[in-house]
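Single-letter residue listing:
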Amino acid sequence: MPTNYHAEFITGAVRATQFPPAELPEVAFVGRSNVGKSSLLNRLVGMRKLARVSGTPGCTREVNFFRVQGRWHFVDLPGYGYAQVPHQRRGGWEESVGAYLTARRDLRAVIVLLDIRRGVTDLDRQMIAWLQQLATPWQPVATKMDKLTGNKQRKALTDLNAESTRLGLFALGPVIACSALNGLGIDALRARLATLFDEKIQPDFSAKG
Ligand SMILES: Nc1nc2c(ncn2[C@@H]2O[C@H](COP(=O)(O)OP(=O)(O)OP(=O)(O)O)[C@@H](O)[C@H]2O)c(=O)[nH]1
Ligand SMILES: [Mg+2]
């Protein structure tokens, strides 16, 4: 299976003045701290070390922009719901992510990551409501599917789908069930992104993982 796109880090920003020019169509990844945003982005482009990953929540602290295939921007956002974040940094989250989501001209859609073991939490509902207010299309993605098996996995996915259907305004489609660990759902997510960018994704076989 072809796995790699050519991707490069552009910049990390904490406020709007530091964002790179909005010259390419963009998709952003949001979700709770530790839900697996950076891991999913890495798996999606087939480069293990592109975005920094950590078992400790609060790993990604800046709005990180990546150029993919020279044609799109993928944007890795700091997570929410990290209780230990001091007040000042919470303010920083609102300033950076808020500025990003409200003002980014070429933002095509936001991928909302939901941990399959947790379902949709109150903070996720707030994020989705915010995206709906901004009329931003969003795609629900379940992460860490490998952590559940059998009936538990099926039930959790059914519940997650029911909840995101209920929250359906501006949703792009049903939940895409993913695992950054074993690659489940990555092709489906790529196909959804390809539709979003209205073109066929052309994998770059030369890129290194
Ligand atoms: N088993 C399993 N672990 C995962 C998966 N995705 C991420 N993880 C682990 O979950 C932890 C958090 O992953 P990150 O990708 O850093 O999470 P994040 O959402 O970017 O977190 P912040 O940057 O803090 O907001 C790391 O220990 C990852 O290895 C997955 O699909 N399966
Ligand atoms: Mg991260």
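This section reports on the structure supplied with the text. Since we're looking at a predicted model, the values are computed, not measured.

Another point: the pairing of strand S5 (residues 107-115). Taken across its 9 residues, S5 has 8 buried, putting it largely inside the fold. Two elements, strand S2 (residues 26-31) and S5, share 6 bridges in a ladder whose sense is parallel. Within S5, the position partnered with glycine 31 by the bridge is leucine 113. Relative to strand S6 (residues 138-143), S5 is paired through 6 bridges, and the arrangement is parallel. In the strand pairing of S6, aspartate 115 is matched with threonine 143.

In this section: the packing of helix H1 (residues 37-45) against helix H5 (residues 186-196). Where H1 meets H5, the axes come as close as 10 Å, and the angle between the chain directions of the two elements is 80°. Considered as vectors, H1 and H5 are oriented roughly perpendicular to each other. Where H1 approaches H5, its residues Leu40, Arg43, Leu44 and Val45 are matched on the opposing element by Ile186, Leu189, Arg190 and Leu193. The residue inventory of the contact of H1 with H5, partitioned by class, reads 6 nonpolar, no polar and 2 charged.

Cut-off values and rules
Residues numbered from 1 in each chain as written. Chains lettered and ligands numbered in written order. Predicted model: local features only at pLDDT ≥ 70, side-chain atom pairs only at ≥ 80, totals over all residues. Heavy atoms only, no water. Buried < 20%, exposed > 50% of the residue type's maximum accessible area, 1.4 Å probe, protein only. Helix = DSSP H or I, 4+ residues; strand = E, 2+ residues; numbered from the N terminus. Pairing = 2+ DSSP bridges. Axes fitted to C-alpha atoms, helices over the stretch in contact; angles between N-to-C directions. Parallel < 35°, antiparallel > 145°, perpendicular 65-115°, else oblique. Contact = heavy atoms within 4.5 Å. Nonpolar A, V, L, I, M, F, W, Y, C, P; charged D, E, K, R; others polar.

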